[in-house]
Structure formats: C-alpha cells, structure tokens
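Residue-level structure breakdown
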Amino acid sequence: MSEAETFAFQAEISQLMSLIINTFYSNKEIFLREIISNASDALDKIRYESLTDPSKLDSGKDLFIRITPDNENKILSIRDSGIGMTKADLVNNLGTIAKSGTKAFMEALQSGADISMIGQFGVGFYSAYLVADRVQVITKHNDDEQYIWESSAGGSFTITRDTVNESIGRGTIMRFFMKEDQLEYLEEKRIKEIVKRHSEFIGYPIQLEVEKEVEKEVEDDEDEEKKDDDEEKPKIEEVDEDEEKPKKKKTIKEKELATEELNKTKPLWTRNPDDITAEEYGSFYKSLTNDWEDHLAVKHFSVEGQLEFRAILFIPKRAPFDLFEQKKKRNNIKLYVRRVFIMDDCEELIPEWLNFVKGIVDSEDLPLNISREMLQQNKILKVIRKNLVKKCLEMFAEIAEDKEQFSKFNEAFGKNIKLGVHEDSTNRNKLAELLRFHSTKSGEEMTSFKDYITRMPEKQKHIYYVTGESRAAVENSPFLEVLKSKGYEVLFLVDPIDEYAVQQLKEYDGKKLMSATKEGLELDEDEDEKKRLEEQKAAFEPLTKQIKEILGEKVEKVVISNRISNSPCVLVTGQYGWSANMERIMKAQALRDSSTSSYMASKKTLEINPNHSVIKALKEKVDTDKNDKTVKDLTYLLFETSLLSSGFSLEDPSGFAGRIHRMIKLGLSIDEEDISAAVEEVDDMPALEETAESKMEEVD
C-alpha cells in the first residue's frame, strides 16, 4: 500500500465535527439523506458532462447509488457511479476549505436549530459522524487514480493512493464504520424506511444489497451415478415430474446477495396533479430542498403549445438565512431537459426578486447539451421565465385569500415583493396589490392599498405615506399633524427597501402616492384656507427672510407651512431628491460613492408654523429688533430640533448640546455672567458651524 499523506482539517470544520460528535441529536437518520443527496449530485455531474462527451461514461455506463450493509463488520457502504473525486477534490472538498455555510450552520445549531438543516448549509457530508466513528471514502475520477480518504475526526485526515481495493471504474464508495449504539442503520427495514421518507424522488436508482435466505433443492450426494450424469446441469434445476424414477433430493438453506431498487416512483412532475396527494408534494419538497418543514404553497402546472414544459414551484414557510447574500446561488429552480438534470443555478430562469421560490422545470424543447452562453440567448427560456413569474403571481394571489397564511408569507418574503416592485416594471401593478403596511388607522394589523382606498374620505385625492427608521419614529412625526386632523390615513413605510419601491411605484389605481415629508404636498384645501395661507406668507415674510439669513446655506428656503399644526417647524426635502430616511440609508452604505451624495442629498426647506406660540414670539422679537442676539440662538435651536424630528442627523451635536445647556441655565436662573458669556459665544456660532461643515465636506 502506498504511503498515506496526512492533512489537518480547517479550524471551522474541526469545530463543526466536534459539535456533531459530542452533542446528542435524536434525528441522526438524516445522515443517509445527505449522503444520497451528495451521490445524486455526483451522478448529475457525470451525466451532464457525458452530454457533450459521451466517452466520459466509458468507465461505467450504469448510473446508480448502491447501499450495502455489512452486519458482520458493522460497516455501511454507499456507492455511486458518479463523477468521483480527484486527489485535489478530496483535499479541498473534504476538509481543508470551509464552505461559507460552515460557520452559519454552527451558529444556527448553537442557537437551537435542528441538525436536519445541515444540507442547506452545504456541509451535509460531515453528518456521517453522527453515526460513524470512522469514515473511509474510496473514489476514482476519470482524470485521476483511485484514492482512499480516511478520518476518525481527530482534527486530521489521510489520503492514500488505493492499491488494496479492486478498481471501481469511476465514482465513490463511502464506508461508515458504525458506532456501537447506531447499528440500527445496518438493518434492511430501517434503511428502506429512511430512503422512502427522504430520497424517494432522487432521479437515479437507489439499490439496496440485501441478504436473502433461499431454500434450494439439491441432489443427494449418495446417488453418485446420477450426479455424474448431471454434472453439466445447474444445481437448482427442477426435476422433471414425468420421469418414472425421481432422483433423491434434499433441501438446503443458502444465503444469497440480491439488489432491490428502493425508489421506483417516477418523477412527481410528470404525473397528473389531480393524482398527487399533499403528503407526496410535501415529501418531494423536502427531498428537493433539504428543508425539514413543509412548504407554504405549491403550484404544479404544464404548458403546451408552441413550447412544452412542466414545472412544480414551492414557496417555503421561512426565508433562508442567506436570502439576500451576494455570493449565494442565484436561485433554487432545478432545470431538467426531458427528465435529464441540466443545472440548478440558471439565472435566466427566474428573476432575482423571486429567489426564494424553489422547484423544478422540465423542458421538452431545450437541447440536452445546452451551455450557459446559449441559455442567455435562448428564446424558449425567456418564455419559460415569463410563465414562471405569472404562475408565482397567481400563487401569491391565492395565498393572499387566506389572511393568516398571507401574514406568514409577508413576514418572510415581503422584502422580495418590494424588490419586485422596484425591478419588475411589467408586473409592478400586480405586485402593488400584495404590499402591506402599517398606517395611522390600521392598528396592529397591516393594510393594503386596496383597503386604504376604501377608507379614504370623499375629498381625499391622493395616497399619503411617510418614510422613517421605525414605526415608533414615524407614528408621532410632525409631518402627520394636519393629515391626521383632516382624517386622512397615512401609510408607514419603515423598511429600507420601501424607499426604493416607492420611487418606482408612482401611483395605485389612479391615485398618486404622495410623501408627507417632501415638498409639493397637496392637501385639497378650500379657497378660505388658501387665502389665509397667502395672508400669513405676507405677514411672516420678514421672519422667513431673517431665518434664511441666519441659517444661510443650511436650508434652501424658509416658507410658511400648511402641513403642521402642533410643531413650530419641520424640515422638508425636495420632491425629486432623497428623503431624510433615504439619506440615512445611503450614509449607512459601507461602499457608497460619496460623489452621489452631493447632488442627490436633500435640499432642505424649513417650514414654519405661523400659528405656533414660539414662532409668533420669534416674529415679535424680529419685528422689534432683527439683530437681537437671542434670535440667532433660538433659530439655530429650532433648526436643529426640526432636523431631529424630521429624521435627519445633526451635523454638529456638541453645538446643539451647548445650546440646550444654556437653555437649562436660563431655566434654572443661573447667574447672569454665565448667560452673557454664553450669549457672546453665540455670536461666533454660525462661523464655527461653517468651519465644521467645510471640514465635514473635506472628509467626504
């Protein structure tokens, strides 16, 4: 035997194996599902390669998975005639390179997740250590020699060129040296039960080698003459009843190895949907996705006509842990062509916003040896994609009929629907039907646009919304004051993706979507209200000019407001720039392009409430003496408090804190020297803030 090379497991894999070995899990049977699933993937790969190069199958035409229990030596062997692994594959795939899911799976396990989730994280092979002390992998790839990988999970594994076992041609044999308390997995009945539960719809024959006791009739050795005459005949041949003198016989029991096929059920998608039970769909979904829960909804359909394909689409109950991770596989739809698996990450098959939908598509029209480049140009695929999106929307509409089910769906995949509104212009209106938001009138439940419209007062012409960081932050927002007093409902858009969706969704059912925090808010005012507003504008013009002069570049303009009733002032943003919330989101982007901020950042307008006592008092001060030193300080204070209440962040928090402290001193009647010194400081405030601002710009 050639010399063994020893390798150390990557640290995270070592931790994972230690976790699997040293923790008690009741659901150990999933190891078989994982190993069979890996074997099926290996068979898919060789089958796919053979489409373009049939000689790849010269090393073994039959594609199968064979399970062989050896009770005597307590070994379970699982063989596949798949693609096999080269020495480099063994080193990388079984130990030295941690998959991205390794750490995530350990975290999930430690926070109480089920071990059966292991397959979703791409580390299913290591589940073998739930039942085995030692694992041996014998493998042969077309491009390499036969190797043995072996490990007892002590932090290292060995790889040896195989000179002991007979050649397997191509593929992999996994040998599990079973733990003493896990010998049930060598029992024929137990193996059949697990395969039926987890692997019934694997597309390759799963064979089980069983030992059968057969009774055989053999001739009695005493009758020598007869034995000599029949030497050439097989031992088991039945004796001809017509013979006058029957030969002497005796019955013996012999053990014989036979193979039984465990998954004779044909692929589920080729059957008539009416003949399939909910349990069958459930077990197919679990075998397809490695999920341990049932699906939320299923759509099974076939399309015929110019092109032909069948599909089954599932919606899971939960969103996966890595739903929006950049590096993950783009979708979960397996593409088959005439029952032959082609690929499971075809980006052209379904749009990104539907990346949570799982299932299979089996086309009759695509060529078997289609390449990724050809797929991108393929018209058939575009038609399939259009149909899949249409069927998904039908499925969502069906879920929406059941309030409880839709609530679960929205919690898990609401972000995807909003992403769809942003990206899919064709189906934007249909997707808008599925959006749900909290509002000023919805209480704890969420409301749809449709329900919102039914509650609109007669004179209300638009749909109003407010964006912000959280529901708590927007519920008492000053922007809602007049809208609430008029009895208008306002939707709370508090998910960061809402900002993107609403940029694309300009209206719903002919009603314009209007932001309560931006310029150009139309409030359906009557003539008297408009007239009063014009009068106030004229009366307060000196004050607005003075405030603009004090604040300078910090605001674009200062105007009289028609949207607030209880607050002294608010900051609104331009109709086409970012809202305060969008500015916050963009600032939080780690890799943002700061040059975008300069022209997209909000142009702020300070709106003042002419009916508020603070504004009236400030107007009197300005009318008396517009150079009054306290006006400057109060103006800054009002501006900064409105920055906060309008959802912006402070440019100069310490300056703001200083002003608040001076207000506290005044409130506590602390001696005049302090206050006069503080007032002198105020003279320098604008200059200081301008410096601070220019420094901020330099940092950007």
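Provided above is the structure to which this section pertains.
In what follows, the accompanying structure is described. Every chain begins its residue count from 1, and numbering advances along the sequence as written. Thresholds applied to this predicted model are a pLDDT of at least 70 for local features of residues and 80 or more for the giving and counting of side-chain atom pairs; totals over whole chains, interfaces and linings are not thresholded and use all residues. Calculated side-chain values reflect all of the structure's heavy atoms, with hydrogen atoms and water omitted.

**Description of the pattern of salt bridges**
A side-chain nitrogen of Lys or Arg and a carboxyl oxygen of Asp or Glu constitute a salt bridge if their distance falls within 4 Å. For the structure on display, the rule yields 32 salt bridges. With its nearest N and O atoms 2.7 Å apart, the salt bridge here joins E34 to R33. We note that E34, like R33, is buried. Notably, a salt bridge pairs K391 with E394, separated by 3.7 Å at the nearest N-O pair. On the criterion of helical spacing, the pair formed by K391 and E394 is a turn pair, its members being three residues apart in helix α9 (residues 379–400). The exposure class assigned to K391 is buried, which follows from its relative accessible area of 18%. The rule is simple: take the accessible area with a 1.4 Å probe, protein chains only, and divide by the maximum for that residue type; under 20% is buried, over 50% is exposed, in between is partly exposed. Numbering goes from the N terminus for both helices and strands, where a helix is a DSSP run of H or I of at least four residues and a strand is a run of E of at least two.

**With respect to the nonpolar core**
With 75 residues, the main nonpolar core has I315, F396, F409 and F449 as its most contacted residues. By residue number, the principal contributor to this core is α9, which donates nine residues. Two residues qualify as a contact provided that any one of their heavy atoms is within 4.5 Å of a heavy atom in the partner residue. Look past the residues within four positions of F409 in its chain and what remains in contact with it is L296, I315, F356, F396, I399, G414 and I417. Among the nonpolar cores identified, the runner-up in size contains 62 residues, and I65, I118, V123 and Y126 belong to it. Buried residues of nine kinds, namely Ala, Val, Leu, Ile, Met, Phe, Trp, Tyr and Cys, make up a nonpolar core once their side-chain atoms join them within 4.5 Å.

**Describing the packing of aromatic side chains**
By convention, a stacked pair of Phe, Tyr or Trp rings (six-membered ring in the case of Trp) has centres within 6.5 Å and planes under 30 degrees apart, an edge-to-face pair has planes over 60 apart, and any other such pair is tilted. One pass over the full model with this rule turns up 21 aromatic pairs. Where F7 meets F157, the ring centres are 5.4 Å apart and the plane angle is 15°; that geometry is what we call stacked. Within this pair, whereas F7 is found in strand β1 (residues 5–8), its partner F157 is found in strand β6 (residues 156–161), the two being separated by 150 residues in sequence. Judged by its relative accessible area of 1%, F157 is buried.

**Side note on a negative patch on the surface**
Residues E72, E211, E213, E215 and E217 make up a contiguous surface patch of negative charge. On the secondary structure map, E213 appears in strand β8 (residues 206–219). Here, patches come from residues exposed beyond 30% relative accessible area and free of salt bridges, joined within 9 Å for like charges and within 5 Å for nonpolar side chains (Val, Leu, Ile, Met, Phe, Trp, Tyr). Every accessible area reported is derived by Shrake-Rupley at a probe size of 1.4 Å, with residue values counting cover from the shown protein chains alone. We count Lys and Arg on the positive side and Asp and Glu on the negative side, and we leave His and both chain ends out. Throughout, a charge is located at the NZ atom of Lys, the CZ atom of Arg, the CG atom of Asp or the CD atom of Glu.

**Brief notes about the packing of helix α1 (residues 11–22) against helix α4 (residues 101–110)**
Between α1 and α4, whose axes approach to 10 Å, the crossing angle comes to 30°. Classified by the angle between their axes, α1 and α4 sit roughly parallel to one another. Read as a crossing pair, α1 and α4 show a hand that is left-handed. Of the residues in α4, those touching α1 at E12, I13, Q15, L16 and L19 are T102, K103, F105, M106, L109 and Q110. With axes taken as lines fitted to C-alpha atoms, and helix axes fitted only over the stretch in contact, angles between N-to-C directions fall between 0 and 180 degrees. These descriptions rest on fixed angle ranges, namely under 35 degrees for roughly parallel, over 145 for roughly antiparallel, 65 to 115 for roughly perpendicular, and the rest for oblique. Two helices cross in a left-handed way if the nearer one is turned anticlockwise from the farther one by less than a right angle. They cross in a right-handed way if the turn is clockwise.

**Regarding the sheet that holds strand β20 (residues 557–560)**
In spatial order, the strands read β20-β22-β21; together these three strands make up an open sheet with mixed pairing. The two strands at the open ends of the sheet, each matched to only one other strand, are β20 and β21 (569–573). Ignoring strand direction, the axes of neighbouring strands in this sheet form an average angle of 30°. In short, DSSP must find at least two bridges between two strands for them to pair. Bridge analysis of β20 against strand β22 (residues 604–608) gives four bridges, and the strand direction is parallel. Each residue of the ladder has a partner; that of V558, found in β22, is L606. Lying on the sheet, helix α21 (residues 629–645) is in contact with β21 and β22; it crosses β21 at an angle near 60°.

**As for the pairing of strand β7 (residues 171–178)**
Across the eight residues of β7, seven count as buried, placing the element largely inside the fold. Where strand β3 (residues 75–80) and β7 come together, six bridges link them in antiparallel fashion. Along β7, the bridge assignment pairs S77 with R175.

**With respect to the sheet that holds strand β18 (residues 507–508)**
Backbone-to-backbone hydrogen bonds pair the strands of a sheet. The strands run either parallel or antiparallel. With mixed pairing, the five strands of this open sheet are ordered in space as β15-β17-β16-β19-β18. Here the strands that pair on one side only, and so sit at the sheet edges, are β15 (438–439) and β18. Bridge analysis of β18 against strand β19 (residues 511–515) gives two bridges, and the strand direction is antiparallel. Bridged to E507 within β19 is K512.

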